[in-house]
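Overview (structure and organization)
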Protein chains: 2
Amino acid sequence: MWNLTWRTGSDQYGDSVPNSMYRHMWSNSPKECFEFGDYTFDEHFGRAIPSYTPRPVMRDYIITRAVKADLKKYIKFNIKVVNVTFDNNTFSVTTWDKINDSFSTEEFDFVVVASGHLSFPYVPEYPGMDTFPGRIIHSHDFRNAEQFSGQDLIVIGSSYSAEDIAIQCYKYGAKSITIVYRQNPIGFKWPSTVKEMSLDRLEGNMAYFKDGNSQKVDSIILCTGYLRHFPFLEENLRLKTENTDCCPDLYKGVVWKKNHKLFYLGMQNQYYTITLFDTQAWFVRDVILGTFCLPSERDIQKEIDTFRLKADKLSSPSEQIDYHTDYMKDIFKLVDCPKFNIDQVNQQLKVWEHHRKENILTYRDKSFTSVITGTRGTPHHTDWLHAFDDSIMGFLAEP
Amino acid sequence: MWNLTWRTGSDQYGDSVPNSMYRHMWSNSPKECFEFGDYTFDEHFGRAIPSYTPRPVMRDYIITRAVKADLKKYIKFNIKVVNVTFDNNTFSVTTWDKINDSFSTEEFDFVVVASGHLSFPYVPEYPGMDTFPGRIIHSHDFRNAEQFSGQDLIVIGSSYSAEDIAIQCYKYGAKSITIVYRQNPIGFKWPSTVKEMSLDRLEGNMAYFKDGNSQKVDSIILCTGYLRHFPFLEENLRLKTENTDCCPDLYKGVVWKKNHKLFYLGMQNQYYTITLFDTQAWFVRDVILGTFCLPSERDIQKEIDTFRLKADKLSSPSEQIDYHTDYMKDIFKLVDCPKFNIDQVNQQLKVWEHHRKENILTYRDKSFTSVITGTRGTPHHTDWLHAFDDSIMGFLAEP
């Protein structure tokens with residue numbers, strides 16, 4: 001996810017491009033909320049750094065941990081899984097070698113689906129889009145806010161993508177940004193060139209809003225989320241779910257209820273992101289090794305039902321954060337993965353949530369404290385809104 | 001192919017968008033070179049019209065012929081073929097119902113692959129693209145030249161897409177257009193804001209050319225062609241070919257050498273386009289019905305070899321036109337499809353080719369004569385360069 005590519009659509013082999021990363025992306029939560037228990041930012045950088053980091057810094061941190069564990073030799077690159085079937089208690093996995101354009105099928109005892117849920121955009125149509133002469137893209141294909149400098153933009157959506165792409169485009173000089181919501185506005189205190197509206201329709205290059213106002217539009221960016229889409233699995237192995245805090249049919253959020261040899265990682269809404277994936281992976285390992293014994297079907301169903309009941313009642317980010325903290329704690333109890341003080345992270349997530357509401361343009365200038373090393377994030381030499389050098393060198397440079 | 005959609009990348013179901021059409025596309029050859037023998041433009045429009053027509057006019061003509069034949073009832077929409085296998089002399093075709101997200105498999109005696117070869121872009125990388133902050137798209141995702149008004153553009157490619165997108169962007173107000181070639185420039189007489197260069201590299205938003213010049217670039221449009229890509233066929237049924245006048249492994253250009261129950265339509269380079277597809281379809285029908293008996297494997301291979309040998313020697317558009325005319329004549333002899341005077345079309349194609357070279361900005365203002373009705377294309381009320389109303393109404397309006 002933290003890889004940047006200029007490619008969109010399909011790659012040089014005709015395969016769809018999974019990347020949804022943009023050049024000037026910074027993490028939208030403090031690093032102290034997703035620090036690996038066994039590989040701290042202090043260890044990686046050899047010094048304290050700011051709490052919010054640009055894309056190349058994040059990628060460097062994540063990749064280096066993998067490099068240290070010498071994982072590359074286990075990974076096949078440019079090999080795409082095109083079909084997975086299950087028969088005679090075994091998975092048949094067919095892969096496409098994209099470079100040599102050849103196929104092969106191998107058998108496996110277990111399959112872990114860790115392909116994420118940010119690769120297949122959900123792209124709805126709004127009235128009049130077919131008459132719009134300007135550019136329409138999904139956030140999946142958004143690569144660089146500079147391309148929208150000087151433009152009048154519509155950003156459709158009410159969640160993290162809409163919020164971040166709106167302020168990215170503001171930072172990089174869009175003339176105006178109108179965030180379009182369906183049910184409720186995000187409600188942040190936006191700068192004067194950013195507003196939130198409910199869209200009635202487009203007609204040519206004009207947007208007409210439900211309050212009767214209208215405006216010329218150059219480009220539309222759909223921040224309408226992603227599909228959980230697994231075209232490489234045969235139908236009876238596919239998780240079917242919307243964006244949710246608790247996925248149906250997954251015991252402990254990872255074990256496929258209908259086949260205990262199939263696992264899904266990171267399919268739920270996320271506050272803990274990379275530490276969540278890590279903890280889930282640890283648990284999956286234990287199920288595969290048999291060091292964790294799954295309960296009866298009845299107990300599995302009962303537990304899924306309990307979590308879903310709780311999840312259905314969540315009505316605020318704060319409650320969601322508590323829910324996901326409880327979920328993490330539940331897995332933590334079962335595995336011997338690198339632990340950290342999760343209640344402390346929970347508290348920091350709530351502070352983070354508050355910062356965003358307080359001022360979406362300055363929340364990335366705040367500092368948090370590592371729950372592992374106790375190191376406090378240093379102030380960045382330039383506040384986020386004016387920091388245009390996103391390179392590792394530029395970020396780590398002395399002021 | 002003549003359907004316009006604002007969508008690019010993947011659709012609302014997560015499926016890749018096959019369309020490569022842009023709003024202001026006009027046919028790039030005269031309608032007198034691809035008129036159906038059994039449904040003339042005179043019959044469709046009830047009067048003479050210009051030789052070159054905008055997209056909606058083309059689509060209307062093609063669709064109406066299908067509507068008159070009452071074909072809609074045979075077509076399943078929003079059903080995608082995801083897998084085709086061959087076993088026990090039978091094809092198993094698995095389809096995905098995109099709206100209901102369900103799958104089903106049916107058996108068939110014959111399969112005709114008519115999915116075209118303009119849906120999977122070939123997207124090569126040029127040095128420095130990863131540093132370029134502007135927009136990079138393939139012509140597959142090009143929807144509207146108006147989006148590039150006022151911009152400095154690079155158009156990469158040397159064939160029809162590059163030529164047409166360059167002049168589209170010129171027509172709709174691009175500030176400058178630099179067509180980048182690999183081997184040889186197209187060599188047309190371009191207007192002053194259009195030039196052809198060989199690209200050395202990009203560095204940020206600057207392009208450096210092999211002659212030592214450089215220039216700021218806002219957007220890059222890759223007109224680098226398409227892949228023959230059939231991810232829905234199992235490997236042993238897949239045609240593997242590049243862009244070519246004569247596809248390997250296809251007898252009469254359509255019958256899959258390795259399995260005579262599998263057919264491909266329109267896989268070669270095209271001068272005859274829709275009349276070619278029609279003629280091929282007629283022949284395929286006859287093979288399926290058994291009214292045409294295939295020769296021995298040896299004779300099939302011999303004939304493929306003969307055609308390929310001829311195709312390999314073609315060195316000019318004129319020779320290519322003759323080659324494809326001979327190919328059409330060869331099929332014409334075998335089937336009772338609606339015929340037309342193909343030598344007369346051949347001559348007109350050569351005149352068309354000459355017009356393009358003479359002046360790429362005015363060739364669409366020329367008129368040709370129908371080889372079926374003898375009707376001469378009328379002059380359009382506005383020359384192409386200044387005709388901005390592409391609608392059917394606007395096109396057919398009196399001057």
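Residues numbered from 1 in each chain as written. Chains lettered and ligands numbered in written order. Predicted model: local features only at pLDDT ≥ 70, side-chain atom pairs only at ≥ 80, totals over all residues. Heavy atoms only, no water.

An unreviewed UniProt entry annotates chain A as Flavin-containing monooxygenase of Oopsacas minuta. Checking UniProt for chain A, the heading Sequence similarities (unreviewed entry) contains the comment "Belongs to the FMO family." Taken verbatim from the UniProt record of chain A, the Cofactor (unreviewed entry) comment is "FAD". (UniProt positions renumbered as here; feature names shortened; annotations may be inferred.)

Comments concerning the environment of His140(A)
All names here are of chain A. Examined against the element boundaries, His-140 turns out to sit in the loop between strand S5 (135-138) and strand S6 (152-156). Residue classification places His-140 among the buried residues on the basis of a relative accessible area of 6%. Considered as a pair, His-140 and Lys-76 are 64 residues apart in the sequence and their alpha carbons are 24 Å apart. Filtering out sequence-adjacent residues up to four positions away, His-140 remains in contact with Val-17, Pro-18, Asn-19, Ser-20, Leu-118, Ser-119, Pro-121 and Tyr-226. Among the polar contacts listed, one links the side chain of His-140 to the backbone oxygen of Ser-119, at a separation of 3.5 Å. (Helix = DSSP H or I, 4+ residues; strand = E, 2+ residues; numbered from the N terminus. Buried < 20%, exposed > 50% of the residue type's maximum accessible area, 1.4 Å probe, protein only. Contact = heavy atoms within 4.5 Å. Polar contact = N/O pair within 3.5 Å; in protein donor to acceptor, adjacent residues only side chain to side chain.)

Overview of the pattern of salt bridges
Side chains that differ in charge, positive against negative, can pair when their charged atoms come close. Counting across every chain of the model gives 59 salt bridges over all chains. Between Asp152(A) and Lys216(A) there is a salt bridge whose closest N-O contact spans 3.4 Å. Within this pair, whereas Asp152(A) is found in strand S6, its partner Lys216(A) is found in strand S11 (residues 214-216), the two being separated by 64 residues in sequence. Measuring nitrogen to oxygen at the nearest pair gives 2.8 Å for the salt bridge that ties Lys252(B) to Asp330(B). Of the two residues, Lys252(B) is situated in the loop between strand S13 (250-251) and strand S14 (255-256) and Asp330(B) in helix H6 (residues 317-334); the sequence distance between them amounts to 78 residues. We note that Lys252(B), like Asp330(B), is buried. (Salt bridge = Lys/Arg side-chain N within 4 Å of Asp/Glu carboxyl O.)

Regarding the relation of the copies chain A and chain B
Superposing chain A onto chain B takes a rotation of 180° combined with a translation of 0.0 Å along the rotation axis, leaving an RMSD of 0.0 Å. Look at the turn and shift together and you get a two-fold axis relating the two. When each C-alpha of chain A is compared by its distance to the rotation axis, Gly9(A) comes out closest, at 2.2 Å. Counting the interface residues of chain A, we find that 100% of their copies in chain B are interface residues as well, pointing to one common contact surface. (Least-squares fit on C-alpha atoms with pLDDT ≥ 70 in both.)

Focus on the sheet that holds S11(A)
All names here are of chain A. An order of S9-S10-S11 is seen for the 3 strands of this open sheet, with the pairing classed as antiparallel. One side of each edge strand has no neighbouring strand; the edge strands of this open sheet are strand S9 (199-203) and S11. On average, each strand axis in the sheet is inclined to that of its neighbour by 20°, with strand direction left out of account. Pairing between S9 and strand S10 (residues 206-209): 4 bridges, direction antiparallel. In the sheet register, Leu-199 faces S10, and the bridge partner there is Phe-209. (Pairing = 2+ DSSP bridges. Axes fitted to C-alpha atoms, helices over the stretch in contact; angles between N-to-C directions.)

Observations concerning the nonpolar core
Residue and element names in this part refer to chain B. Counting 78 residues, the largest nonpolar core has Phe-142, Cys-169, Ile-177, Ile-221 and Phe-283 as the members making the most contacts within it. A total of 6 residues in this core trace back to one element, the largest contributor, which is H6. Lining this core are residues from two domains, each supplying at least three of them: domain 1 (1-120 + 226-399) and domain 2 (129-222). If near-sequence neighbours (up to four positions away) are discounted, Phe-142 is found in contact with Met-21, Tyr-22, Ile-137, Phe-148, Ile-165, Cys-169 and Ile-221. (Core = buried A, V, L, I, M, F, W, Y, C linked by side-chain atoms within 4.5 Å. Domains from an automatic or database assignment.)

Quick look at the domain arrangement of chain A
Residue and element names in this part refer to chain A. Assigned domains within chain A: domain 1 (1-120 + 226-399) and domain 2 (129-222). Taking only C-alpha atoms, the centre of domain 1 and the centre of domain 2 are 28 Å apart. Taken residue by residue, the interface counts 34 residues in domain 1 and 22 residues in domain 2. Interface area, domain 1 with domain 2, both sides summed: about 2300 Å², of which 52% is carbon and sulfur. Of all residues in domain 1, the largest losses of buried area upon contact with domain 2 belong to Tyr-22, His-24 and Ile-360, amounting jointly to 28% of the total for that side. In this assembly, domain 1 and domain 2 are joined by 2 salt bridges. (Buried area = accessible area lost by both parts, 1.4 Å probe.)

Description of the packing of aromatic side chains
All names here are of chain A. With the rule as written, the count across this model stands at 48 aromatic pairs over all chains. Centroid distance Tyr-52 to Tyr-363: 5.5 Å. Interplanar angle 90°. Geometry classified as edge-to-face. Taken together, the positions of Tyr-52 in the loop between helix H1 (41-45) and helix H2 (55-68) and Tyr-363 in the loop between helix H7 (342-358) and helix H8 (392-396) put the pair 311 residues apart, joining distant regions of the chain. Using a relative accessible area of 1% as the deciding quantity, one classes Tyr-363 as buried. For the ring pair Phe-230 and Phe-232, a centre distance of 6.2 Å and an interplane angle of 90° mean the geometry is edge-to-face. When sorted by exposure, Phe-230 lands in the same class as Phe-232, which is buried. (Phe/Tyr/Trp six-rings, centres within 6.5 Å; stacked < 30°, edge-to-face > 60°.)

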